[in-house]
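Residue-level listing of the chains:
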Amino acid sequence: MSLYTRFDHYNPPIGPDGTPYEFYEALRDEALETDTPIGWSEVYGGFWVITGWAEAKEIQRNTTAFSNAGTTFPTYDTPNDRPLMLAGSDDPQHAKYRKFVQARFSPGQAQSFKDRLRVVTNELIDSFVERGRFDLADGFTNELPARLTAIMGGLPESDTGLYRTWVHAAAQLSVAKSGASAAYIRELDEYFQAKIGEWRSRPDGDYMAMIAQGDIDGEPLTDAEVKGFFFGLLLGAIDNTSYLLASMFWRLSWDHELRRRLVRHPELLPSAIDEFLRFYSPGISGRLVLERITLGGVTMEPGQQVVMLHQVENRDPREFEHPDVFVPDRSPNRHFALGLGIHRCLGMHILRVEAQVMAEEFFKRIPEWRLDPDRPARWYAGQVSGMATVPIVFPPGGGLPEPGWVPGRESAHA
């Protein structure tokens, strides 16, 4: 049986390193050996799985045959069951919405957050640096994206736990279609209704006030449209970034040579972050087939679902030399972790700045650390995936270890 047949992005086989990448490499190798860059999975009623880089490029560029109405699969539960704002829409509607907000995500805007990001990163490090052990995925790599989302959106920073809960409900609980996410979606809706009046009346300056007070083609945005932007901000800014950062710090926790190279040469961080995106691509992308098309040796029919498995496409040796080797200064690096074409990730500049600032500040405070030998790291699988826990040990207080420091002897209650 082909590895495609029972492929399930929510339940991939986990290998001895705690990740599904051994399976992904095997799927990639099967696709190359059998010349099948596209295969059919029977899970969730059936869908096409794309593992070839060239085929994924064609799908992302062909907006006539493929619609973003299938961007999540199985479909996320959303407020009012509306398609995801931007990510779930096609042109011309998508172009109007994107033009309306894109200035808020420019390279210059991303750079403007640097100072605040450094402050928040150090506040988070302060909260655990004396302990000598900590799960970076619970209060650090998941908290910084939520805090930045609040800062840029003009949302209460004290509510970051709520934002993460709602994202988890949409991304995980809705998949089972058991109704488990309904209470959380209602909670999000009630929160929104309590906030929208404030956003519509306060002086413009932050993202949500700009959205609530804005207009497109002379027409004010409806409450449903404002809610769509709010929910889209939470999903786009928190989920992907959190799991990329967790996977990045997990790798740096055991790849001491790579970590020390980046500590010594921080100028490599921008290119290394793109290599982390390629090597540990956090998200997949879905499309709905609109018209009959033959691609990669298969014929797709209207109404069928496509899932582009970027974790495999970004290790296609037809595009990437030595694809299973992490090369921090890889160039060119034309990965699809941030998408391609009209749906290229709106927040890509902000994500890169977050990752760079977080790494720089962590390297200064805790240059030496490693995985906690008593607590295994755990993978999180789904439409967005990455490390769910990254327990580490380090010299209490940070800095370089004293002679004789033995990892794991820190307080078990830390």
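In what follows, the structure referred to is the one given above.
A short tour of the structure in this document, coming up.

Rules used in this analysis
- Residues numbered from 1 in each chain as written.
- Predicted model: local features only at pLDDT ≥ 70, side-chain atom pairs only at ≥ 80, totals over all residues.
- Heavy atoms only, no water.
- Helix = DSSP H or I, 4+ residues; strand = E, 2+ residues; numbered from the N terminus.
- Rg over C-alpha atoms; globule rule 2.2 N^0.38 Å.
- Buried < 20%, exposed > 50% of the residue type's maximum accessible area, 1.4 Å probe, protein only.
- Contact = heavy atoms within 4.5 Å.
- Areas by Shrake-Rupley, 256 points an atom, 1.4 Å probe, with all protein chains shown as cover.
- Lys, Arg positive; Asp, Glu negative; His and termini not counted.
- Charge placed at Lys NZ, Arg CZ, Asp CG, Glu CD.
- Phe/Tyr/Trp six-rings, centres within 6.5 Å; stacked < 30°, edge-to-face > 60°.
- Pairing = 2+ DSSP bridges.
- Axes fitted to C-alpha atoms, helices over the stretch in contact; angles between N-to-C directions.
- Parallel < 35°, antiparallel > 145°, perpendicular 65-115°, else oblique.
- Left-handed = near helix turned anticlockwise from the far one by under 90°.
- Nonpolar A, V, L, I, M, F, W, Y, C, P; charged D, E, K, R; others polar.

### What about the overall build of the protein chain?
Along the protein chain, the regular secondary structure elements total 14 helices and 14 strands. Against the globule reference of 22 Å for 414 residues, the protein chain gives a C-alpha radius of gyration of 21 Å, in line with a compact fold. C-alpha atoms of the protein chain, sized along the principal axes, occupy 65 × 60 × 40 Å. A total of 414 residues make up the protein chain; the buried ones form 58% of that total. Once local pairs closer than 6 in sequence are excluded, the contacts in the protein chain between residues at least 24 apart make up 71%. For the protein chain, the exposed area adds up to about 16,900 Å²; of that, 51% sits on carbon and sulfur atoms. The centroid of the 42 positive side-chain charges in the protein chain is displaced by 3 Å from the centroid of its 57 negative side-chain charges.

### Regarding the packing of aromatic side chains
Under the counting rule described, the total for this entry stands at 36 aromatic pairs. Look at Trp53 and Phe336: their rings are 5.1 Å apart centre to centre, the planes differ by 10°, and that puts the pair in the stacked class. Linking Trp53 in helix α2 (residues 53-61) with Phe336 in the loop between α13 (310-313) and α14 (348-365), this pair joins segments that are 283 residues apart in sequence. We note that Trp53, like Phe336, is buried. Summarising the aromatic geometry, the rings of Phe128 and Phe134 are spaced 4.0 Å apart at their centres and angled 5° between planes, so their arrangement reads as stacked.

### Observations concerning the sheet that holds strand β10 (residues 305-308)
The 5 strands lie next to each other as β1-β2-β10-β7-β3, forming an open sheet whose pairing is mixed. Looking along the sheet, the strands with just one partner apiece sit at the ends: β1 (38-41) and β3 (66-67). Running over the sheet, α2 touches β1, β2 (47-50), β3, β7 (285-289) and β10 and is turned about 125° from β10.

### Comments concerning the pairing of β1
Relative to β2, β1 is paired through 4 bridges, and the arrangement is antiparallel. Along β2, the bridge assignment pairs Ser41 with Phe47.

### A short note on unusual backbone geometry
Here the amide bond leading from Asp91 into Pro92 is cis, since omega sits at 5°, within 30 degrees of zero. Mapped onto the elements, Pro92 comes out in the loop between β3 and α3 (93-101). In the segment running from Ser331 into Pro332, the intervening peptide bond is cis, with an omega of 0°. One can find Pro332 in the loop between α13 and α14. For Tyr44, which is not glycine, the phi torsion reads 55° and is therefore positive. Position of Tyr44 relative to the elements: it lies in the loop between β1 and β2. On the accessibility criterion, Tyr44 (32% relative accessible area) is partly exposed.

### Comments concerning the packing of helix α7 (residues 160-171) against helix α8 (residues 182-201)
At a minimum axis separation of 9 Å, α7 and α8 run at an interaxial angle of 135°. Judged by the inter-axis angle, α7 sits oblique to α8. Here α7 and α8 pass one another in a crossing that is left-handed. Here Leu162, Tyr163, Thr165, Trp166 and Ala169 of α7 come into contact with α8, specifically with Tyr184, Glu187, Leu188 and Tyr191. Among the residues making up the contact of α7 with α8, the classes are represented as 7 nonpolar, 1 polar and 1 charged.

### Observations regarding the sheet that holds strand β14 (residues 391-393)
Overall, antiparallel pairing links the 3 strands, which are arranged β4-β14-β11 in an open sheet. Of all strands in the sheet, those bounded by a partner on one side alone are β4 (133-135) and β11 (370-371).

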